[in-house]
Amino acid sequence: MSNVFDAYLFASVFITLFVIMDPPGVVPIFLGLTGAMTRQQRNRAARQAVLVALGVIVAFALFGQSLLDYMHITLPALQASGGLLLLLIAMELLTGKMEEPQPSGNGKVNVALVPLGTPLLAGPGAIVATMVFVQQSEKTLVDWVTIGLGVVAVHVALYLAMRFANVVNRVLGDSGTILVTRIAGLLLAAIAVQLVADAVTAFVKAA
């Protein structure tokens, strides 16, 4: 199993994306956006949102390099911009701005696709983080399998959080959910600063 799996890389991918995509923090937003749905509709919305998010993340993981090459963007530039984006998301988590979703007034809009699937789950932070992991990897089978497992594991956590949103909300309570969100924001801010620091170091070495 060790020949096709890198535990350290898996942990890095899983923890980073888990903090960015924040399954516990998605619970109150999911409940707010699907408040008028039946239990069956809510379960279907959870499944659709996760599939959309997974599809977007995988697409950028596979074709992100080609996009960067076409636009002549270097990895340090991607890391720096990604760090700044993650820092903005971290500030929203820390200040509570992401806890105030506005349900759509248009009943024909599928909230599982927008805004749940993207940009809430597969937002710029998750996309950039995944692309950075792919760029930093050695492009071996082990790296591809490990990154893929990490991405899938996070999406499984997201699905379980939304699938059992009512239970999770009752267990954590409003205060518990807010506390988890604040901690996630703090960790995400640290990850963002590290990305920017690594990018600056790479720029200095290349100069």
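The model shown is predicted, which means the values in this text are computed figures rather than measured ones.

Turning to the overall build of the protein, a few remarks are in order. Regarding its fold elements, the protein presents eight helices and zero strands. Counting helices and strands in the order they occur from the N terminus, the protein gives α-α-α-α-α-α-α-α. Against the 2.2 N^0.38 benchmark of 17 Å for 207 residues, the protein shows a C-alpha radius of gyration of 17 Å, consistent with a compact globule. Over its C-alpha atoms, taken along the principal directions, the protein stretches across nearly 55 × 35 × 35 Å. A total of 207 residues make up the protein; the buried ones form 40% of that total. Contacts spanning at least 24 positions in sequence make up 89% of the contacts within the protein whose residues lie at least 6 apart. Taking the average location of the 11 positive side-chain charges in the protein and that of its 10 negative ones, the two points are 15 Å from each other.

So, about the packing of aromatic side chains. In total, this model carries two aromatic pairs according to the counting rule given. Taking the centre distance of 6.0 Å and the plane angle of 15° together, the rings of F10 and F14 count as stacked. Taken together, the residues F10 and F14, both in helix α1 (residues 7-21) and four residues apart, mark about one turn of the helix. By the ring-pair criterion, three or more aromatic residues cluster together here, those being F10, F14 and F18.

As annotated by UniProt and renumbered to match this structure, "transmembrane region" (unreviewed entry) occupies residues 12-33, 45-64, 70-90, 111-135, 141-162 and 183-204. Between the C-alpha atoms that bound residues 111-135 the distance is 32 Å, and the span itself is 88% helix and 0% strand. Between the end C-alpha atoms of residues 141-162 there is a gap of 32 Å, over a span that is 100% helix and 0% strand.

Let us look at the packing of α1 against helix α7 (residues 141-163). One way to put it is that α1 packs onto α7 with a least axis distance of 8 Å and a crossing angle of 35°. The two elements α1 and α7 meet at a crossing, and its hand is right-handed. On α7, the residues touching L9, F10, V13, F14, L17, F18 and M21 of α1 are D143, T146, I147, L149, G150, V151, A153, V154, H155, A157 and L158. Class assignment for the residues of the contact of α1 with α7 results in 14 nonpolar, three polar and one charged.

Counting residues in hydrophobic clusters, the biggest one holds 49 residues, and the most contacted among them are L17, F30, L121, M162 and L188. Contributions of two or more residues to this core are made by α1, α2 (23-33), α3 (39-71), α4 (75-95), α5 (112-121), α6 (124-136), α7 and α8 (165-206). With residues near it in sequence (within four places) discarded, L121 still touches M21, V26, A49, V50, A53, L116, A126, L158 and M162.

What follows concerns the environment of G148. Following the sequence through the fold, G148 ends up in helix α7. Considered as a pair, G148 and F14 are 134 residues apart in the sequence and their alpha carbons are 9.9 Å apart.

Turning our attention to the side chain of D22. Note on placement: D22 falls in the loop between α1 and α2. As a buried residue without a salt bridge, D22 has its nearest oppositely charged side chain in R182, at a separation of 8.2 Å. Among residues more than four places away in sequence, those in contact with D22 are L17, L93, T181 and A184.

Time to look at a nonpolar patch on the surface. Together, V152, V156, L160, F164, V167, V171 and L172 make up an exposed nonpolar region whose accessible area comes to about 570 Å². At the level of elements, α7 and α8 are the ones that each hand at least two residues to the nonpolar patch. Structurally, the position occupied by F164 is in the loop between α7 and α8. Among the residues examined, F164 registers a relative accessible area of 41% and is labelled partly exposed.

About the cut-offs
Residues numbered from 1 in each chain as written. Predicted model: local features only at pLDDT ≥ 70, side-chain atom pairs only at ≥ 80, totals over all residues. Heavy atoms only, no water. Helix = DSSP H or I, 4+ residues; strand = E, 2+ residues; numbered from the N terminus. Rg over C-alpha atoms; globule rule 2.2 N^0.38 Å. Buried < 20%, exposed > 50% of the residue type's maximum accessible area, 1.4 Å probe, protein only. Contact = heavy atoms within 4.5 Å. Lys, Arg positive; Asp, Glu negative; His and termini not counted. Charge placed at Lys NZ, Arg CZ, Asp CG, Glu CD. Phe/Tyr/Trp six-rings, centres within 6.5 Å; stacked < 30°, edge-to-face > 60°. UniProt positions renumbered as here; feature names shortened; annotations may be inferred. Axes fitted to C-alpha atoms, helices over the stretch in contact; angles between N-to-C directions. Left-handed = near helix turned anticlockwise from the far one by under 90°. Nonpolar A, V, L, I, M, F, W, Y, C, P; charged D, E, K, R; others polar. Core = buried A, V, L, I, M, F, W, Y, C linked by side-chain atoms within 4.5 Å. Salt bridge = Lys/Arg side-chain N within 4 Å of Asp/Glu carboxyl O. Patch = residues over 30% accessible without salt bridge, like charges linked within 9 Å, V, L, I, M, F, W, Y side chains within 5 Å. Areas by Shrake-Rupley, 256 points an atom, 1.4 Å probe, with all protein chains shown as cover.

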